[in-house]
Each structure stands twice: as structure tokens, then as C-alpha cells.
Amino acid sequence: MRLHVDQRHERVLELVRERRSIRVAELATELGVSAVTLRRDVEALAAQGRVQRLHGAVVWPEGAATEPRERPAGAEGVVIGMIVPTTNYIFADIVRGAREAVAAQGGRLVLGVSGYVDAEDSVQAEHLIAGGAQGLLVAPSWFGGVPEDGQEKWLLAHDVPAVLVERSAPPGNPAAVLDRVRTDRAHGAAVAVGHFAALGHRKITAVLQEGPHADQISAGFRAAVRALGLDVDIDAPAVREHGDYEASVDHLVDAVHKRGVTAALVHSDEDAIVLVPRLQAAGVRVPDDLALIAYDDEVAGLSDVPLTAVAPPKRAVGELAAKLLLRRLAERRDGRQPGPGQHVDLLPVLRIRTSCGGEAIAE
């Protein structure tokens, strides 16, 4: 979700106030905007005397107030439990966003990690609730991203509000009544396909890592291909086991040399980084022979060929999920009628680098 300029300015002020000094490039990355946009924001805030800019960094002015904005009444001391399958990959930033949102309202976030073991979700929930957690942010270990065979039952058995994070339950499933905040990964795939089309590519493919997000990315990829009238490679998207690089290389080499494919979407960017030199060794150069877009943007910019990548709004997912849960707790505490349930989908953005050819946009 792209922040309005006023919201972005407030976020810049929060980060600079918290850290006292931060580099412009680092600030742009955290906010998910280009360095050009961020420099305009900083110049506007500096003109108002709210920040100072020194040698590529943004500095909190000496003598300016450092106290955070007033916290909502009653939020002090709230304990939020958060269950994630891992603290790596996208979840590092999601947890960070949730922690900052809870701390900003005087609460505390406590973490449980399931390790992608389905049975561990309920164990972590019981432990967190017994330790005083008044609500749960949960990214369950649902392999396909949705519950199957009653996997949601434990989540509905506790008398605390819960918000699903980067997961969803289909209509008719009991867990569909829960609030959720997730990335619209289908939209991200469609944006990637649209970028390929804009560059003139007519036959494309995709290689995806199996897991909770593969179905959403596949759906967006297929829908965009149909809408734009592109030719899709046979069996695309191809979904592979994590680490099955040989099959992915074989698929892409055959697609280029035998079937005329000129562009590919690869999930994740870690996989894409592994594949680039292997493709080159097999006679397929990126981007000369194959334009490539990665999905997740964790380390895509660090590739030898900097990778254009779909970037989920990871920190914003955690932040909005935490704020939604805090609102539910406030409603319960004050005896108010709960507001309507919310299913919030945030849109990823495309960060353009050099793996599609042409000129990269400065970051």
C-alpha cells in the first residue's frame, strides 16, 4: 500500500526521531520509495525546520522534542503474542513492523516460532496466552497458505482476538471470520507480467517455489497473461521444491532455446540469484537472452546482475496487523460493539533494476 505524502512525511519524522541520524538511501529502502522521492520529502521537511540534511544523511534537529506522540489511552502495558513460522525471509520485516506498532502504543510484542511445524502453532499459542498475551498475530504453518483438514480449529478455540498475517481462510471455513492482513501476491505477479509486456516480451514463463504463496502468485501470473494476450510457456508456472535448482535450470534453458521464451518470473529472489550463473553456464544470459524478475526482494538488489523484483510491503503488513489487533483489544476493553471484520490486502511494488535490460531506476 503506497503511503500518502503526509503519511510518508510522518513516517520519516518517526524514524529520524527514533534514530537521531539515518542515511537517505537507508530511509528510502525502509519506506519502499525511490531515493528521488525520498530526497524531495527530506527537502520539504528540512525547509520546515523539522529535520536537517547533512552529507547524505537525515538528522534530527538539536533541541527538537524527542518524546513520541501521545499514546492512545489504555494501550500501555498491552501484551501481544505473535506466531510466525520463521524469523527469516519476509517475516523479519513483518515482525519488525508489528513490534514497532505495538511499542508505539506502549505495549509489548512477544514472539513464538513454529518452524513450519503445523502442530507447533497451537503449542506456541497456549504458551503465549499462558504468559499473558491478550491477543495473537498469527502466520500459521499452513503449507498452501490456507487451512486444510481442520488446521484452523486451535486458532478458534482461544478466547482472545486473533489476526491472520500473510495467511487467509477460504469462504465457508470457520477461520474466514478472522481479521487478516496479507500481501496481494496475485497483484504482484500481474505487475511483473505487465512489465514484461511493456518491454515487448510476448512469450513468458515462471518458476515458483512451492509453499504458502505459490497458488496466489500462479493465479496472478495466469490472469495477467490472459488479460494482456501473451503466450505462456508450457506448464508455466512451474512449481518446484525448494532447492531443486537443476529442474528449474532445465525448464528455463529449454524454454529459451526450444520454445522461444524471452522472460521469466522467479520466486524467490534467493532462487533467482542461484539460477543466474547456472543459466549463464548453460548458454542463457540474463538479461540478453532472458529477462528475469524475482519475487520477494529480500536480496535481489545484491545479485551480480541486480534483479528487478516484486517487493511485498512486509513492514506495513506487520504494522497494520498489529494496529488492527490493538483496536480489537480496545473495543473489548471498553465494552464497545466490535467493528466490521477486515480482510486487508496490501499491494506490492515493482523495483526495477537491470535484469530486464534497459536502465535501472535509482534506489
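Further up the page is the structure itself.
Numbers given to residues run from 1 along each chain, matching the order in which its sequence is written. For this predicted model, a pLDDT threshold of at least 70 governs which residues receive local features, and a threshold of 80 or more governs which side-chain atom pairs are given and counted, while totals over whole chains, interfaces and linings are taken from all residues. To get the side-chain values, take all heavy atoms of the structure and skip hydrogens and water.

Enquirer: Sorry, what's going on with the overall build of the protein here?
Expert: The helix and strand tally for the protein stands at 11 helices and 16 strands. Each of the three principal axes of the protein carries a C-alpha extent, and together these read 65 × 55 × 30 Å. With a 1.4 Å probe rolled over the protein chains alone, any residue whose accessible area is under 20% of its type maximum counts as buried; one over 50% counts as exposed, and the rest are partly exposed. The 363 residues of the protein split such that 49% are buried. Any two residues whose heavy atoms approach within 4.5 Å are treated as being in contact. The contacts in the protein between residues at least 6 apart in sequence include a share of 72% that link residues at least 24 apart. Only the protein chains shown count as cover for residues, and all accessible areas are computed by the Shrake-Rupley method using a 1.4 Å probe. Carbon and sulfur atoms provide 51% of the accessible area of the protein, an area that totals close to 16,700 Å². A helix here means a DSSP run of H or I that spans at least four residues, while a strand means a run of E at least two residues long, and both kinds are numbered starting from the N terminus.

Enquirer: Can you help me understand the sheet that holds strand β1 (residues 21-23) in this one?
Expert: Within a sheet, neighbouring strands are paired by backbone hydrogen bonds and run either parallel or antiparallel to one another. Pairing is antiparallel across the open sheet formed by three strands, whose spatial order is β1-β3-β2. Each edge of the sheet is formed by a strand with only one pairing partner; in this case those strands are β1 and β2 (52-54). Strand-to-strand twist in this sheet, taken as the mean axis angle between neighbours without regard to direction, amounts to 25°. Strands are labelled as partners when DSSP assigns at least two bridges between them. Judged from the three bridges that link them, β2 and strand β3 (residues 57-59) form a sheet pairing that is antiparallel. Within β3, the position partnered with Gln 52 by the bridge is Val 59. The strands that helix α2 (residues 24-31) touches are β1, β2 and β3; relative to β1, the one it contacts most, it runs at about 80°. Simply put, an axis is a line fit to the C-alpha atoms, just over the touching stretch for a helix, and the angle between two N-to-C directions goes from 0 to 180 degrees.

Enquirer: Please explain the packing of α2 against helix α3 (residues 35-47) as it appears in this structure.
Expert: Axis separation between α2 and α3 bottoms out at 9 Å; the angle between their running directions is 110°. When the axes of α2 and α3 are compared, the pair comes out roughly perpendicular. Between α2 and α3, the residues in contact are Val 24, Leu 27, Ala 28 and Leu 31 and Ala 35, Leu 38 and Arg 39, respectively. Residues of the contact of α2 with α3, tallied by class, amount to six nonpolar, no polar and one charged. Comment on the angle field: the value is read as roughly parallel under 35 degrees, roughly antiparallel over 145, roughly perpendicular from 65 to 115, and oblique elsewhere. The nonpolar class holds Ala, Val, Leu, Ile, Met, Phe, Trp, Tyr, Cys and Pro. Asp, Glu, Lys and Arg form the charged class, and all remaining residues, Gly among them, are polar.

Enquirer: Got a minute to help me understand the pairing of strand β4 (residues 79-84) in this structure?
Expert: If a strand is regular, its side chains alternate between the two faces of the sheet. Most of β4 is tucked away, with six of its six residues classed as buried. With burial as the criterion, each face of β4 is covered, one bearing Val 79, Gly 81 and Ile 83 and the other bearing Ile 80, Met 82 and Val 84. Here β4 pairs with strand β5 (residues 108-113) via six bridges, running parallel. Bridging from a neighbouring strand, Met 82 pairs with Leu 111 of β5. Since β4 and β5 lie parallel, the crossover through helix α4 (residues 90-104) that links them has a hand, and here it is right-handed. With four bridges joining them, β4 and strand β6 (residues 135-138) adopt parallel strand pairing. Note on β6: the bridge partner recorded for Gly 81 is Leu 136. We call a crossover right-handed when, viewed with both strands directed away from the observer, the connection leading from the first strand over the helix to the second proceeds clockwise.

Enquirer: Looking at this structure, I do not really get the sheet that holds strand β15 (residues 343-346). What am I missing?
Expert: Strand order in the open sheet formed by six strands is β5-β4-β6-β7-β8-β15, and the pairing between neighbours is parallel. Both edges of this open sheet fall to β5 and β15, since each of them pairs with a single strand only. Between one strand axis and the next, the sheet turns through 20° on average, direction left out of account. Across four bridges, the pairing between strand β8 (residues 179-183) and β15 is parallel. By the bridge assignment for β15, Arg 182 is matched with Asp 345. Contacting β4, β6, β7 (162-165), β8 and β15, helix α11 (residues 314-334) crosses the sheet at an angle of about 170° to β8.

Enquirer: Looking at this model, I keep getting lost on unusual backbone geometry. Mind explaining?
Expert: For residues other than glycine, phi is negative in most cases, and the peptide bonds are mostly trans. In this chain, His 267 is followed by Ser 268 through a cis amide linkage whose omega measures 10°. By secondary structure assignment, the location of Ser 268 is in the loop between β12 (263-267) and α10 (269-281). The omega torsion across Val 286 and Pro 287 is 10°, close enough to zero to call that bond cis. Relative to the helices and strands, Pro 287 resides in the loop between α10 and β13 (291-295). You will see that Asp 296, though not glycine, has its phi angle at about 130°, which is positive.

Enquirer: Teacher, can you tell me more about the nonpolar core here?
Expert: One recurring pattern in soluble globular proteins is that nonpolar side chains are buried together. For our purposes a nonpolar core is just a set of buried Ala, Val, Leu, Ile, Met, Phe, Trp, Tyr and Cys residues, chained together by side-chain atoms within 4.5 Å. Ranked by size, the top nonpolar core spans 25 residues in total, and within it Ile 80, Met 82, Ile 94, Leu 109, Leu 137, Val 163 and Val 181 carry the most contacts. Contributing elements (two or more residues each) for this core: β4, α4, β7 and α11. Residues contacting Leu 109, with those up to four places away along its chain left out, are Ile 80, Met 82, Val 95, Ala 98, Arg 99, Val 102 and Leu 137.

Enquirer: Got a minute to help me understand the packing of helix α9 (residues 245-259) against α10 in this structure?
Expert: A pair of packed helices is characterised by two quantities: the angle between their axes and the separation of those axes. Where α9 meets α10, the closest approach of the two axes is 10 Å, and the angle between their N-to-C directions is 60°. Relative to α10, the element α9 is oriented oblique. Considering how the two elements wind past one another, α9 and α10 form a crossing that is right-handed. Facing α9, whose interface residues are Tyr 245, Glu 246, Ser 248, Val 249, Leu 252 and Val 253, α10 presents Glu 270, Asp 271, Val 274, Leu 275, Arg 278 and Leu 279. Split into classes, the residues belonging to the contact of α9 with α10 amount to seven nonpolar, one polar and four charged. Note: crossing handedness is left-handed where the near helix turns anticlockwise from the far helix by less than a right angle, and right-handed where it turns clockwise.

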